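Single-letter residue listing:
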Amino acid sequence: MEKAVNEGEHREVRDDAPADATGGVWSGSWVAERLGVELAGDGRLTGLLGLALRRNPKRAHLLVSNVLGKHVPQSPSVVYGYGVELGRRVRDLLGDDEARRAVVLGYAETATGLGHSVADGLGLAPYLHSTRRPVAGVAQAGGFEESHSHATSHLLLPEDRALLTGDGPLVLVDDEFSTGNTVLNTVRDLHGRYPRRRYVVVALVDMRSAADAGRLEEFAREIGARVDLVAAASGTVRLPEGVLEKGQELVARYEAESAANSGVAVEADQEGDSSGARGTARQAPTGPQPDYDRIDLHWPADLPDGARHGFTPSHRARLEAALPAMAARIAEALPHPARRVHVLGFEELMYAPLRLARELERTTGIEVRYSTTTRSPVLAVDDPGYAIRTRLAFPAHDDPADGPGERYAYNVAGAGFDAVVAVVDSAGDTPALHAPDGLLARLAPHTPRVLLAVIPSYAPERPSMLPEPLRGPAFSSYAPEEVGWLLQDLSDVTLEAPTEEREEAIQSGGAHYAESLPVEYQPSEQYQELFHAALEESAARIAQAVGVVTETVLAERSPRPVLVSLARAGTPVGILMRRWAQHRHGLDLPHYAVSIVRGRGIDANALRWLAEHHDPRDVVFVDGWTGKGAITRELAQALEEFEKSDGVTGFSPEIAVLADPGSCVSTYGTREDFLIPSACLNSTVSGLISRTVLRADLVGPHDFHGAKFYRELAATDVSVAFLDAVSARFPEVTDAACAQAKELLATDRSPTWEGWAAVERISEEYAIHDVNLVKPGVGETTRVMLRRVPWKVLARAGAGSDLDHVRLLAEQRGVPVEEVDALPYTCVGLIHPKYTRGATGADGKAVTR
């Protein structure tokens, strides 16, 4: 069906070509008869799809494509042909001009090869596929979740971000369109970052219900974009009530029967699947190394093995030119005579093996079949009416980021192939591949000859030019001119861990605090009221301190300073200082936020960016407050090391802070320890940005440190409200602030470090013996209550409303507040010493010692 479509409308285009049916028993009849599952709609569906069962808490059945080249060995010409034809139809739909501006995006792992083939059919567009394999040093450009999958996190790692930032059509390719959730999640993520006017969704089969189809139409109207759909066939899956439970019972029964009949212990995979069922070929991991022959393909230098980082039309032309010679090398290595050969790809590596298989099929008289290994755990049943007849199980062999687990090759065992050519990338050519229980050994009993071809894993060269700062509203709720974040966006990575789990890992030395994030504290209504009351009471006081520190910086440091806040506590202060400079002097000061991590130093790449764009002598580092001065010392040491490593001079280690109760710096607005309302909350008063993250698998040597943007907390965000409330008081405090700054400039403000001495004393008096567990000052105490496992709070006798929010948090967490005379701070937070998760009671509250 076709019709004219306007902005925000949805259109469907269908293929009228007959399916590539094989005849005989339908490979979904076994499941259909036992579970009552039906495929309804297009008469070609049974030729395109079979059915199987998988162990998955979200979905019992699996639609098994006969033409995708994943679970079912198929002629590579058929597999490639379906994708190319869909791509040609997309080109017809878009027209040549729009097709040249398009980008094709495929889904890992199942549709990576299909997406490649669609891009080939489209002919003019570059291609990128999502991946579940993080690549060190390659920053994420996005990500999304696949709600029904057993492995959900998709990463987008383009070498050239222009693949996603253009405004041409985005063509999204998946093998099946079942509920539409995956596509909606993708478009929602990408449209928020890189909005465009048109999307085309491509699938082999569209199996959505009418309700799901309506959701896509509604979503298209919501984002004001055009969304078209192209599919080879369509229909729906009818599921009877209780099918999930019934399917799980059926899987369990067949697994038990298989284990009993074979006498082989059934091993569970990482998802709890133990589908060593009838038809499964699994031997004990004993015996010698597998016997195989290695083929040197002479893969072209620097040609990507796939589209994990992007694949352009020029890459495609290079591959086309090299394919005949590479296929000839495979043919020469085959046994003679070889009548039936299987080319087996490797998880996301689908396209290169497919093209090799198709070229082998095209240039020889051999019957060639193609499929790939997979993560998906599926029950195997040796029945003509079931789509997965046999299963080979073997350990993962590419050191996956989510840890070890089983991988599978379906319908290869017992298929009578004269040779199996396993094609893997070099990241998968590990000892696990060659082990006695590895893939090559699993294949050996089922074919006279096993061959191995290894394609070099493509590693993008990182450009020397560092990326531009992130800015709101794409990253943070601050206006773009207020601050530029010298960070990378990790919003799509799950980094949060329960507070108790983080504390145990940090104190045991098993993890650094910057390798994970605490779960964001969601304030109660009572706590929010307390925040607003504190802001109303202290706004003028904060405004005056902002004026004092800004006037001091302008007088002593530079007439046009470059403000560089230490994210994230320093960021609101840096913005307020920038606003004061505009209010009082008409200056438009540049302002950035960078990451500094205790024990690991400041982000060296951020310093390099600053040195490239500004005079380091003009840079003034800004923080919210000082506690015991740990960050002050950290910055000084880090800048000294940076000067030695990079030869860049001029950065001053002197931090400008709003409040310096620890007497650690000489540039401050006040040395009083009072409540700064921005310390009361986390991201919701800091532009919805998380604390910064530094983890080796996410932050490469050429990357900025990372942070998350909590867009989902926008409803409770008070970041701009806090800034506006303080800025509104500037006129009334201007004279007092300027007078105070003038007085300070004439006095000795040398740090006394009395705060550090107090912390050392408290650490010994309370038998903690670790200054890192003593957090002095209102701001640091609040952080302990929100992000760590508190032991107790020491409060200066007679402290008033500045501690109302601390007392409320202490009550909520069951933490005692102990009044102390002669305390140099208003309060001090003590982290639970020698913490383990056993140090919390059954109610989750920290126990006292």
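Look a little higher up for the structure.
Summarised in this report is the structure supplied together with it. (Residues numbered from 1 in each chain as written. Predicted model: local features only at pLDDT ≥ 70, side-chain atom pairs only at ≥ 80, totals over all residues. Heavy atoms only, no water.)

**Notes on the environment of Gln 248**
Definition in use: Elements are defined by DSSP. Helices are runs of H or I of four residues or more, strands are runs of E of two residues or more, and each kind is numbered from the N terminus.
Positionally, Gln 248 belongs in helix α9 (residues 243-262). Taking the C-alpha atoms as reference points, Gln 248 and His 61, 187 residues apart in sequence, are found 9.6 Å from one another.

**Quick look at the pairing of strand β32 (residues 790-796)**
Rules: Type-normalised accessible area, obtained with a 1.4 Å probe on protein chains alone, sets the label of each residue: buried when under 20%, exposed when over 50%, and partly exposed for intermediate values. Strands are treated as partners if at least two bridges between them are detected by DSSP. Classification remark: right-handed applies to a crossover when, strands pointing away from the viewer, the course from the first strand over the helix to the second runs clockwise.
Among the seven residues of β32, six are classified as buried, and the element is accordingly described as predominantly covered. Inspection of the sheet shows β32 paired to strand β33 (residues 817-820) by four bridges, in the parallel sense. Residue pairing for β33: Ala 795 is matched across the bridge by Glu 819. Remark: the β32/helix α23 (residues 804-813)/β33 crossover connection has right-handed handedness.

**Re the sheet that holds strand β31 (residues 774-776)**
By definition, the strands of a sheet pair up through backbone hydrogen bonds, in either a parallel or an antiparallel sense. Keep this limit in mind: What counts as an axis is a line fitted to C-alpha atoms, over the stretch in contact for a helix, and the angles between N-to-C directions run from 0 to 180 degrees.
Strand order in the open sheet made by the four strands is β31-β34-β32-β33, with mixed pairing throughout. Where the open sheet ends on each side, the last strands, each with one partner, are β31 and β33. Within the sheet, the average angular offset between the axes of one strand and its neighbour, ignoring direction, is 25°. Sheet analysis places β31 next to strand β34 (residues 827-831), joined by three bridges and oriented antiparallel.

**Regarding the packing of helix α3 (residues 76-94) against helix α11 (residues 351-363)**
The line we're drawing: Orientation labels follow simple angle bins: below 35 degrees gives roughly parallel, above 145 gives roughly antiparallel, 65 to 115 gives roughly perpendicular, and whatever is left gives oblique. Should the near helix be turned anticlockwise from the far one by less than a right angle, the crossing is termed left-handed; should it be turned clockwise, right-handed. We call two residues in contact when some of their heavy atoms are within 4.5 Å. Note on residue classes: Ala, Val, Leu, Ile, Met, Phe, Trp, Tyr, Cys and Pro are nonpolar, Asp, Glu, Lys and Arg are charged, and everything else, Gly too, is polar.
α11 packs onto α3 with a crossing angle of 120° between their chain directions and a minimal axis gap of 8 Å. When the axes of α3 and α11 are compared, the pair comes out oblique. Remark: the crossing between α3 and α11 carries left-handed chirality. Residue-level inspection shows Pro 76, Ser 77, Val 79 and Tyr 80 of α3 in contact with α11, the latter providing Tyr 351, Leu 354, Arg 355, Ala 357, Arg 358 and Glu 361. The residue makeup of the contact of α3 with α11, split by class, is six nonpolar, one polar and three charged.

**Describing the nonpolar core**
Applicable threshold: Side-chain atoms within 4.5 Å are what join buried Ala, Val, Leu, Ile, Met, Phe, Trp, Tyr and Cys residues into a set we call a nonpolar core.
Counting residues in hydrophobic clusters, the biggest one holds 135 residues, and the most contacted among them are Leu 53, Val 171, Val 202, Leu 334, Tyr 386, Val 421 and Leu 443. Once residues within four sequence positions are removed from consideration, Tyr 386 is found in contact with Ser 27, Trp 30, Val 31, Leu 51, Ala 52, Leu 53, Val 378, Leu 379, Ala 380 and Val 381. With 107 residues, the next largest nonpolar core counts Val 622, Ala 679, Leu 803 and Val 806 among its residues.

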